[in-house]
Number of protein chains: 4
Amino acid sequence: MSSYQDQKDNLLSRLNRVEGQICGIKKMIEEDKYCVDVLTQISAVKGALNKVGMTVLESHTKGCVSDTIESKADSDEVIEELMEVIFKFTNK
Amino acid sequence: MSSYQDQKDNLLSRLNRVEGQICGIKKMIEEDKYCVDVLTQISAVKGALNKVGMTVLESHTKGCVSDTIESKADSDEVIEELMEVIFKFTNK
Amino acid sequence: MSSYQDQKDNLLSRLNRVEGQICGIKKMIEEDKYCVDVLTQISAVKGALNKVGMTVLESHTKGCVSDTIESKADSDEVIEELMEVIFKFTNK
Amino acid sequence: MSSYQDQKDNLLSRLNRVEGQICGIKKMIEEDKYCVDVLTQISAVKGALNKVGMTVLESHTKGCVSDTIESKADSDEVIEELMEVIFKFTNK
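Conventions adopted
- Residues numbered from 1 in each chain as written.
- Chains lettered and ligands numbered in written order.
- Predicted model: local features only at pLDDT ≥ 70, side-chain atom pairs only at ≥ 80, totals over all residues.
- Heavy atoms only, no water.
- Helix = DSSP H or I, 4+ residues; strand = E, 2+ residues; numbered from the N terminus.
- Rg over C-alpha atoms; globule rule 2.2 N^0.38 Å.
- Least-squares fit on C-alpha atoms with pLDDT ≥ 70 in both.
- Contact = heavy atoms within 4.5 Å.
- Salt bridge = Lys/Arg side-chain N within 4 Å of Asp/Glu carboxyl O.
- Polar contact = N/O pair within 3.5 Å; in protein donor to acceptor, adjacent residues only side chain to side chain.
- 1 Å grid on protein atoms, 1.4 Å probe; cavity = no way out; pocket = protein on both sides within 12 Å on 5 of 7 lines; lining within 4 Å.
- Points joined across faces, edges and corners; volume = space filled by probe spheres on them.
- Expected span 1.5 Å × (residues − 1).
- Bend = angle between axes of the 7 residues up to and from the residue.
- Buried < 20%, exposed > 50% of the residue type's maximum accessible area, 1.4 Å probe, protein only.
- Disulfide = S-S within 2.5 Å.
- Axes fitted to C-alpha atoms, helices over the stretch in contact; angles between N-to-C directions.
- Parallel < 35°, antiparallel > 145°, perpendicular 65-115°, else oblique.
- Left-handed = near helix turned anticlockwise from the far one by under 90°.
- Nonpolar A, V, L, I, M, F, W, Y, C, P; charged D, E, K, R; others polar.
- pLDDT = per-residue confidence, 0-100.

Let us now look at the overall build of chain A. Summing up its helical and strand segments, chain A has 3 helices and 0 strands in all. Going from N to C terminus, chain A has its helices and strands arranged as α-α-α. Relative to the 2.2 N^0.38 estimate, which gives 12 Å for 92 residues, the radius of gyration of chain A is 17 Å and therefore markedly larger than a compact globule would have. C-alpha atoms of chain A, sized along the principal axes, occupy 55 × 30 × 15 Å.

In this section: the relation of the copies chain B and chain D. Overlaying chain B on chain D yields an RMSD of 0.0 Å, the required transformation being a rotation through 180 degrees with an accompanying axial translation of 0.0 Å. Seen this way, the second copy is the image of the first under a two-fold rotation axis. Relative to the rotation axis, the C-alpha of T90(B) is the closest in chain B, positioned 2.3 Å from it. A share of 95% of the interface residues of chain B reappears at the interface of chain D, consistent with the copies meeting face to face through the same patch.

This next bit is on the interface of chain B and chain A. Listed per partner, the contact involves 45 residues of chain B and 45 residues of chain A. Across the chain B-chain A interface, the total number found is 4 salt bridges. Scanning the region where chain B abuts chain A turns up 22 residue pairs in polar contact (both at pLDDT 80 or more). Listed by contribution, the elements that provide at least two residues to the side of chain B that touches chain A are α1 (8-30), α2 (35-70) and α3 (75-90) of chain B. Element by element, the count of residues in the side of chain B that touches chain A is highest for α2(B), at 18 residues.

As a further point, take the interface of chain B and chain D. Interfaces are often sized by the accessible area lost when the parts come together. Contact residues are listed per partner, giving 21 residues for chain B and 20 residues for chain D. Here K62(B) and E80(D) are joined by a salt bridge, their closest N and O atoms 2.7 Å apart. Here chain B is connected to chain D by 2 residue pairs in polar contact (both at pLDDT 80 or more). With 10 residues, the top contributor of residues to the side of chain B that touches chain D is α2(B).

To continue, consider the layout of surface pockets. There is about 240 Å³ of room inside the largest pocket. Around the largest pocket sit M83(B), E84(B), F87(B), S3(D), D6(D), Q7(D), M54(D), T55(D), E58(D), S59(D), K62(D) and G63(D), which together line it. Listed by contribution, the elements that provide at least two residues to the lining of the largest pocket are α3 of chain B together with α2 (35-70) of chain D. It is α2(D) that provides the largest number of residues to the lining of the largest pocket, a total of 6 residues.

Residue and element names in this part refer to chain A. With 36 residues, helix α2 (residues 35-70) should cover 52 Å at 1.5 Å per step; its first-to-last C-alpha distance of 51 Å lies within 8% of that length. In the structure, α2 departs most strongly from a straight axis at H60, where the bend amounts to approximately 35 degrees. For α2, the buried fraction is high: 26 of the 36 residues fall into the buried class. K72 sits one or two positions beyond α2 and adopts a positive phi of about 55 degrees.

This paragraph deals with the relation of the copies chain B and chain A. The two copies are related by a screw motion: chain B maps onto chain A through a turn of 180 degrees and a shift of 0.0 Å along the axis, at an RMSD of 0.0 Å. When the interface residues of chain B are mapped onto chain A, 100% of them again fall at the interface, so both copies present the same face.

The next point concerns the pattern of salt bridges. Tallying each qualifying case throughout the model produces 20 salt bridges over all chains. Residues joined in a network through salt bridges with shared partners are E58(A), K62(A) and E80(C).

Going through the model one piece at a time under the given rule, you end up with 0 disulfides over all chains. C64(C) supplies the cysteine sulfur nearest to C35(D), a cysteine that is in no disulfide, at a spacing of 3.9 Å.

The subject of this paragraph is the side chain of T90(C). Structurally, T90(C) can be placed in helix α3 (residues 75-90). Judged by relative accessible area, T90(C) falls into the buried class, the value being 3%. Sequence-distant contacts of T90(C), that is, excluding residues within four places in its chain, are made with N50(A), F89(A), T90(A) and K46(B).

Between helix α2 (residues 35-70) of chain C and α2(D), the shortest axis-to-axis distance is 10 Å and the interhelical angle comes to 165 degrees. In terms of their interaxial angle, α2(C) and α2(D) are classed as roughly antiparallel. When you trace α2(C) past α2(D), the crossing you get is left-handed. Of the residues assigned to the contact of α2(C) with α2(D), the class counts are 22 nonpolar, 6 polar and 2 charged.

A word on the side chain of T68(D). Residue and element names in this part refer to chain D. Within the secondary structure, T68 sits in helix α2. Separated by 2.7 Å, the side chain of T68 and the backbone oxygen of C64 make a polar contact. In contact with T68, not counting residues within four places along its chain, are A73, D74, S75 and V78.

Turning our eyes to something else, we now look at the confidence of the model for chain A. Across chain A, the average pLDDT comes to 92, with 99% of residues at or above 70. Within chain A, the lowest mean pLDDT, 89, falls on helix α3 (residues 75-90) of chain A, and the highest, 98, falls on helix α1 (residues 8-30) of chain A.

Below you can see the structure in the form of structure tokens.
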């Protein structure tokens, strides 16, 4: 069902780090840290999520998408779904 | 030091929700959920972080930036800092 | 070489419209129009370019990428190139 | 009305360059250049537009926004308008 099996540990450890960053931002806000420093940290989390997303996207394209194309079944559908999710990603 | 005091509860509850979303994404990965669904969730978190960031940015501009401009001190410096952090935000 | 042949007219007419929008923004600046209106127009152009980009990306994936995967040649290379260009796109 | 007067030449010459880049992309498409090269060029234009936008934004904040804050009139309104346009910008 998923294509990122060999990236699972990598993804989970990155997401653990993101969780830690979110926790850190909450602490910054509780301690009234300077707004710009909070914003810089939020940007860093967005950057980290972009990398997680790109890893999943790459696995998905090398896995699910390639398999569908090779089996010559429904490849248009799978590619349109891929484009939609990339578009969502680009606009956030 | 910070300008978001009256938004603190709002910000913290949003960040708690983001933390829950990250936790949910980790679970999805552990359970081998479909790549596109994982990506959709990551986009949702990016959208949520954009909103948190915009709230901090608005408080900062209404607070710190306005105060500096009113006191006619170093306002160029404060505005350049503001632009830098917005630029970082736009490129993530 | 390219995969967007059947989208050529569509792409060129969109880009003509973008050119017209850029021209309009220049005129706004020459006529000292309000900053926020200029910024709104620039955002609109970015949105239009995202759509042009997504059309090229979809053609590329349905064409070049699919062909390479079907022919079972260098598909990893082609997918890595694809990811790189999507990453560039997401960060602008 | 506008705050970017002293940046006018700078902005117009940047936008002329963007116009040239759009023209170049149209030529690439007419000549069936490789999809990824077209996408790389579109990303470059988005980057150039981000810089134009940031210049207008900085002028606007140093000019219109600061003036409104100094005159202690409607500053909330002006800042909310500013946030809205930044949000649009961040999501494109």
